[in-house]
Amino acid sequence: MADLTPTPDRPGLNVSKPSPNTPATGSAVCHCGASANATGDSQVRALVEGYTANHGAAHNRTGR
């Protein structure tokens, strides 16, 4: 399987939860240069909500 971890060259959002008994992990990198990591179901949920609302498709590649 390919490494799906976002990088500055490949911005995006990656979330993993291998089983119901393990905490979720997530990482995000935006075109604007912002990046974040989270561990734990509620923290990853907040990461996804923040990335969706403020980064990624929420603005263009120029960071506006």
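Look a little higher up for the structure.
Residues numbered from 1 in each chain as written. Predicted model: local features only at pLDDT ≥ 70, side-chain atom pairs only at ≥ 80, totals over all residues. Heavy atoms only, no water.

A. Looking closely at the state of the cysteines. Taken as a whole and assessed by the stated rule, the structure comprises zero disulfides. Here cysteine 30 is not disulfide-linked; the sulfur of cysteine 32 is the nearest cysteine sulfur, at 3.7 Å. Take cysteine 30: its relative accessible area is 3%, and that puts it in the buried class. (Disulfide = S-S within 2.5 Å. Buried < 20%, exposed > 50% of the residue type's maximum accessible area, 1.4 Å probe, protein only.)

B. The nonpolar core, seen in detail. The biggest cluster of nonpolar side chains holds seven residues, and these are Ala24, Ala28, Cys30, Ala38, Val44, Leu47 and Tyr51. It is helix H1 (residues 41-54) that contributes the most residues to this core, three residues altogether. Leave out the neighbours within four places in its chain, and leucine 47 touches Leu13, Gly26, Ser27, Ala28, Ala36 and Ala38. (Core = buried A, V, L, I, M, F, W, Y, C linked by side-chain atoms within 4.5 Å. Helix = DSSP H or I, 4+ residues; strand = E, 2+ residues; numbered from the N terminus. Contact = heavy atoms within 4.5 Å.)

C. Expanded view of the sheet that holds strand E1 (residues 12-16). Ordered in space as E1-E2-E3, the three strands form an open sheet in which the pairing is antiparallel. A strand with exactly one partner marks an edge of an open sheet, and here the two such strands are E1 and strand E3 (35-39). The sheet shows a mean angle of 5° between the axes of neighbouring strands, direction not considered. Two strands pair when backbone bridges link them, and E1 and strand E2 (residues 25-29) are joined in this way by five bridges, in the antiparallel orientation. For valine 15, the partnering residue across the bridge sits in E2 and is glycine 26. Sheet strands touched by H1: E1, E2 and E3. Its angle to E2, the strand with the most contacts, is close to 20°. (Pairing = 2+ DSSP bridges. Axes fitted to C-alpha atoms, helices over the stretch in contact; angles between N-to-C directions.)

D. Representation of the pattern of salt bridges. Per the stated rule, a full pass over the model turns up one salt bridge. The shortest N-O distance in the salt bridge between lysine 17 and aspartate 41 comes to 3.1 Å. Taken together, the residues span a long stretch of sequence, with lysine 17 in the loop between E1 and E2 and aspartate 41 in helix H1 at a distance of 24 residues. (Salt bridge = Lys/Arg side-chain N within 4 Å of Asp/Glu carboxyl O.)

E. The side chain of serine 27, seen in detail. When you line up the elements, serine 27 lands in strand E2. Its relative accessible area of 12% is what places serine 27 among the buried residues. Excluding anything up to four places from it in sequence, serine 27 contacts Thr5, Pro6, Gly12, Leu13, Asn14, Ala36, Asn37 and Leu47.

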